[in-house]
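# Structure assessment
Residue-level listing of the chains:
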Amino acid sequence: MPPTPHTAQSCIQELQSSLGSDQVSTTNGDLKPYSKDNSYHTQRFPTAVVYVKSELDISKVGIIIFRLSPNYLYSNVLTFLKALSICNKHKIPVIPFAAGSSLEGHIIPEKSTLETRGTITLDVSQMDKILAIHPNDLAIVVEPGVNWIDLRQTLEPHRVFFPPDPGAAACIGGMCGTNCSGSLAYRYGTMKDNILGLRVVLADGRVITTRGMVTKSSAGYDLTRLIVGSEGTLGIVSQAILRVRRIAECTSVALVQFEKLSDACKYINKLVISGPDTIHRIEFMDDYCIRSINITTPNWSLPEQFTVLIEFCGNTHTYIEEQSKICEEFAKIVGASSYKSAASEPEECERYWSVRKKALFAAKALHPQHKTLSSLSTLVTDVAVPISKIGDILAYSRELIEKYKLIATIVAHAGDGNFHALILCDRNNADEVKRVEHVRDLMAERAIQLNGTCTGEHGVGKGKRELLVKELGSETINVMRTIKKALDPNFILNPGKVFTVEDESKFQKHHL
């Protein structure tokens, strides 16, 4: 760890005095979990961590908390206010942390700010309460530390669910930060489409409410969608009103395989343009992905071919089966090698989906040193393109992987044109990391040329800052910087994400 700057030491002392020593730590053992996420980016310890503890009495809290005066706050939100106000006074950067499962270095301190100003990590993971469930309004109120899988299990008895389904560890706060989505975005949209309103603590400690519990509103600027996807650079979410959906009465899954990538992509396009409205999600896995899953899954073997998974949802099994037969006919026309339907058996449906769920962690099995190389990491690309271009971008990406002699599998939320190349690399091998980053950038640049984006759901973080400029242009980025300056004039909120620290410094010099 670098030496703690003097201003950071003063800030830490004031935090300990104000919040209590049990809520602030500077020991290496306590700081280590906040130094790394699930990305390949270099590990860096923050200067200190502040634990935001939840003491809410759930039985006394409902949607009314969104109507309270900012001066009437519960103790966990009060910790937010104190921490941010103190850090803002000392101009010490703050990084919000819930699960640390991001894939673009979002929670890792920036080297230059760490050395010059220090960095405080604000851990909101203990703010994990579901504050209110309103099944008759299809809405719920939660804190940022709520895990989405735990949330889904809690909601199941109410016969509703929250659609976004990112990595298993993800929590609502981080999901808001990156505007995540997952396999159900094809049907229900991304995080921004499933948030009704937010309660946000700004850099100077002010608290704002962006919207109420309604599915439509024309009341002023849409600050909800400004905060969602801002990666903790504009404010820190302390509560969220989420939109939930009804659980379907019946579900079925089909697994379709193709010998050719081009045929699989033609099929995906056919499903999106002409497929039945019972389709819930469409996922894709390439032949290398299937190979990795076969290696890592006992008593499981699929032909190593390009694979499309389709989930159907509806009111009756009979209707779903009829719709599945339509997709089976599509598969025959396009040239599928097989079409397997799980019908209505829940265990068989789950067995099919387990193939896709294992993809990220199974990929490492393809590396010859996966059992011995502790520094083996996975760079996960995240481009998205218009659905008609999915075949072009997947074929180009596979060509790049082979040209640069890399080991990678490819998976896709194919229904919305978003795919991930899971590229293996030794994070301690600088030449290999550089080669992998170059391939990632080439994929993103091709996606941008196809009128797509460099990131469909993981966010910009540290890894895609330059690509963001290529995608949107410098003037658009300058507008974003203007918004950042207005809400965070001391640039304390997660500096180095979305824009580089150097960019922020130049902007401050010319505009502050």
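Scroll up for the structure.
Residues numbered from 1 in each chain as written. Predicted model: local features only at pLDDT ≥ 70, side-chain atom pairs only at ≥ 80, totals over all residues. Heavy atoms only, no water.

On to the overall build of the chain. Within the chain one finds 18 helices and 18 strands. In terms of overall size, the chain behaves like a compact globule, its C-alpha atoms giving a radius of gyration of 23 Å where 512 residues would be expected to give roughly 24 Å. Along the first, second and third principal axes, the C-alpha set of the chain runs to 70 × 55 × 45 Å. The proportion of buried residues among the 512 residues of the chain is 56%. (Helix = DSSP H or I, 4+ residues; strand = E, 2+ residues; numbered from the N terminus. Rg over C-alpha atoms; globule rule 2.2 N^0.38 Å. Buried < 20%, exposed > 50% of the residue type's maximum accessible area, 1.4 Å probe, protein only.)

Let us now look at unusual backbone geometry. If you check the backbone angles, N299 has positive phi at about 60° while not being a glycine. On the secondary structure map, N299 appears in the loop between helix 10 (287-296) and strand 14 (306-314). Residue class for N299 comes out exposed when judged on its relative accessible area of 83%. A positive phi angle, close to 45°, is found at N494, a residue other than glycine. Note on placement: N494 falls in the loop between helix 17 (474-487) and helix 18 (501-511). Overall, the relative accessible area of 2% leaves N494 in the buried class.

This part takes up the layout of surface pockets. In this approach, a probe sized like a water molecule rolls over the atoms, and the result shows the empty space that is left. By volume, the second largest pocket amounts to about 640 Å³. What lines the second largest pocket is a set of 28 residues, and nearest its centre among them are V228, G229, S230, V460 and M480. Mapped by element, the contributors of at least two residues to the lining of the second largest pocket are helix 8 (223-227), helix 16 (465-472) and helix 17. Taken together, the residues that form the lining of the second largest pocket break down as eleven nonpolar, eleven polar and six charged. (1 Å grid on protein atoms, 1.4 Å probe; cavity = no way out; pocket = protein on both sides within 12 Å on 5 of 7 lines; lining within 4 Å. Points joined across faces, edges and corners; volume = space filled by probe spheres on them. Nonpolar A, V, L, I, M, F, W, Y, C, P; charged D, E, K, R; others polar.)

The next point concerns helix 5 (residues 148-155). For helix 5, the full list of buried residues reads W148, L151 and L155. All buried residues of helix 5 project into a common sector of 55° when viewed along the axis, lining one side. Contacts from the buried residues of helix 5 go to strand 5 (130-134), strand 6 (139-142), strand 7 (160-161), helix 6 (172-178) and strand 10 (236-243). In this structure N147 caps helix 5, since a side-chain oxygen of it lies 2.9 Å from the backbone nitrogen of I149. (Arc of directions from axis to C-beta. Contact = heavy atoms within 4.5 Å. Polar contact = N/O pair within 3.5 Å; in protein donor to acceptor, adjacent residues only side chain to side chain.)

With respect to the helices, strands and loops of the structure, E347 is situated in helix 12 (residues 346-357). Residues E347 and M443, spaced 96 residues apart in sequence, show a C-alpha to C-alpha distance of 37 Å.

Strands sit in the order 15-12-14-13-17-18-16 across an open sheet of seven strands; the sheet is antiparallel. Since the sheet does not close on itself, it has two edges, and those belong to strand 15 (338-341) and strand 16 (376-380), each with one partner. Taking each pair of neighbouring strands and ignoring which way they run, the sheet shows an average axis angle of 20°. Of the pairings in the sheet, the one linking strand 17 (residues 408-413) to strand 18 (residues 418-426) comprises six bridges and is antiparallel in character. For I410, the partnering residue across the bridge sits in strand 18 and is A421. Sitting on the sheet, helix 9 (residues 261-274) touches strand 12 (250-258), strand 13 (279-285), strand 14 and strand 15, and the angle it makes with strand 14 is about 20°. Along the sheet face, helix 14 (residues 390-403) touches strand 13, strand 17 and strand 18 and points at about 165° away from the line of strand 17. (Pairing = 2+ DSSP bridges. Axes fitted to C-alpha atoms, helices over the stretch in contact; angles between N-to-C directions.)

Let us look at the nonpolar core. Counting 53 residues, the largest nonpolar core has Y267, F284, V308, I310, I393, L394 and F419 as the members making the most contacts within it. The element contributing the most residues to this core is helix 15 (residues 430-449), with seven residues. Beyond its immediate sequence surroundings of up to four residues, I393 is in contact with V383, V385, F419, M443, R446, A447 and L450. (Core = buried A, V, L, I, M, F, W, Y, C linked by side-chain atoms within 4.5 Å.)

Moving on, we come to the sheet that holds strand 9 (residues 207-209). The sheet built from five strands is open, its strands ordered 5-6-10-8-9 with antiparallel pairing. The open sheet has two edge strands with one neighbour each: strand 5 and strand 9. Strand after strand, the sheet turns through a mean of 10° between neighbouring axes, direction not considered. Sheet topology places strand 8 (residues 195-201) next to strand 9; three bridges connect them, and they run antiparallel. Bridge pairing links R199 to T209 in strand 9. In the packing of helix 5 onto the sheet, the strands contacted are strand 5, strand 6 and strand 10, and the crossing angle to strand 5 comes to about 40°.

Here we come to the packing of aromatic side chains. Per the counting criterion, the structure on display carries four aromatic pairs. Geometrically, the ring pair formed by F161 and Y188 is edge-to-face, given 5.5 Å between the ring centres and 80° between the ring planes. On the criterion of sequence distance, the pair formed by F161 in strand 7 and Y188 in helix 7 (residues 185-188) is long-range, its members being 27 residues apart. For F161, a relative accessible area of 8% corresponds to the buried category. Centroid distance F258 to Y267: 5.3 Å. Interplanar angle 45°. Geometry classified as tilted. By the burial criterion, F258 is buried, and Y267 matches it. A cation over an aromatic ring shows up here: R481 above the ring of F499, its NZ or CZ 5.4 Å from the ring centre. (Phe/Tyr/Trp six-rings, centres within 6.5 Å; stacked < 30°, edge-to-face > 60°. Lys NZ or Arg CZ within 6 Å of the ring centre and 35° of its normal.)

Read these as geometric descriptors, not functional statements.
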